[in-house]
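# Reading the structure
One letter stands for each residue in the lines below.
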Amino acid sequence: LLFLFVIYASLPFMSAFLGAVFIAFIFRPLDKFFRKKWKLSNKLSAVIILIISILLIILPLAFLIQGLIKQINLLPNQINNLEEIQNNLNNKLPFELKIDKTFLIEHIVPFLTKAITPLFSNFLEAFAILFLLFFLLYYFTIYSNDIKKIVIDLIPFNKTHKEETVNKFKAITYSTIIGTFLI
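What comes next concerns the included structure.

About the cut-offs
- Residues numbered from 1 in each chain as written.
- Predicted model: local features only at pLDDT ≥ 70, side-chain atom pairs only at ≥ 80, totals over all residues.
- Heavy atoms only, no water.
- Salt bridge = Lys/Arg side-chain N within 4 Å of Asp/Glu carboxyl O.
- Helix = DSSP H or I, 4+ residues; strand = E, 2+ residues; numbered from the N terminus.
- Buried < 20%, exposed > 50% of the residue type's maximum accessible area, 1.4 Å probe, protein only.
- Polar contact = N/O pair within 3.5 Å; in protein donor to acceptor, adjacent residues only side chain to side chain.
- Contact = heavy atoms within 4.5 Å.
- Arc of directions from axis to C-beta.

## A closer look at the pattern of salt bridges
Once the charged atoms of two side chains with opposite charge are near each other, the side chains can pair. Applying the stated criterion to the full structure yields 2 salt bridges. Residues Arg28 and Asp31 are paired through a salt bridge, measuring 2.8 Å at the closest nitrogen-oxygen approach. Linking Arg28 with Asp31, this pair stays in helix 3 (residues 28-36), spanning 3 residues, or about one helical turn. For the pair shown, Arg28 and Asp31 are each scored as buried. Put simply, Arg35 and Asp31 hold a salt bridge, and the shortest N to O gap is 3.1 Å. With Arg35 and Asp31 both in helix 3, this residue pair falls 4 residues apart, about one helical turn. For the pair Arg35 and Asp31, a shared accessibility class is recorded, and that class is buried. Overlapping salt bridges, with partners in common, bring together Arg28, Asp31 and Arg35 in one network.

## Comments concerning the side chain of Arg28
When its relative accessible area of 16% is taken as the criterion, Arg28 is described as buried. Of note is the side chain of Arg28, whose polar atom sits 2.9 Å from the side chain of Ser144. If we skip the residues at most four places from it in the chain, Arg28 touches Arg35, Ser144 and Asn145.

## Considering helix 3
Buried within helix 3 we find Arg28, Asp31, Phe34 and Arg35. The buried residues of helix 3 occupy an angular sector of 120 degrees when projected down its axis, which confines them to one face. Buried residues in helix 3 make contact with helix 2 (14-26), helix 4 (42-92), helix 6 (123-142) and helix 7 (144-154).

Here's what the structure looks like:
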């Protein structure tokens, strides 16, 4: 019963766990390169991979948020531009076009409020998930060989089938990653 409760309580953080596993798997070749070619320690290699992954995740998020804020700031000017557009169209069209700014404002502001409020109200949850993701990524990178041995030992097949299963998993994962970036 306690086990089920722990599983249920950890569901919101499952994305951080799976994300850390996925990112650690993606950066595994780079980790091997750092350890073998540059002769870096496990911890230093993990820190470098952690920094790279933080840059790859946080920077695009920051640019996205900054762009969203700029677009929201431009909204009042765009609504004022509608009046100019309406006047230009009315001069060229044989009928009168009417754009009700108050109607637009009454409908756009609640829509934006509904859309943006969850982003800021879930900020702490997102921060916790990102922190957990990077924390787990660090340890998955350091102990990747040990984790791989444990997982392989837990697969209920004989040695040949275990190796085949792991190789198929690698091939499918790499194909998925490459396909995702190509699309």
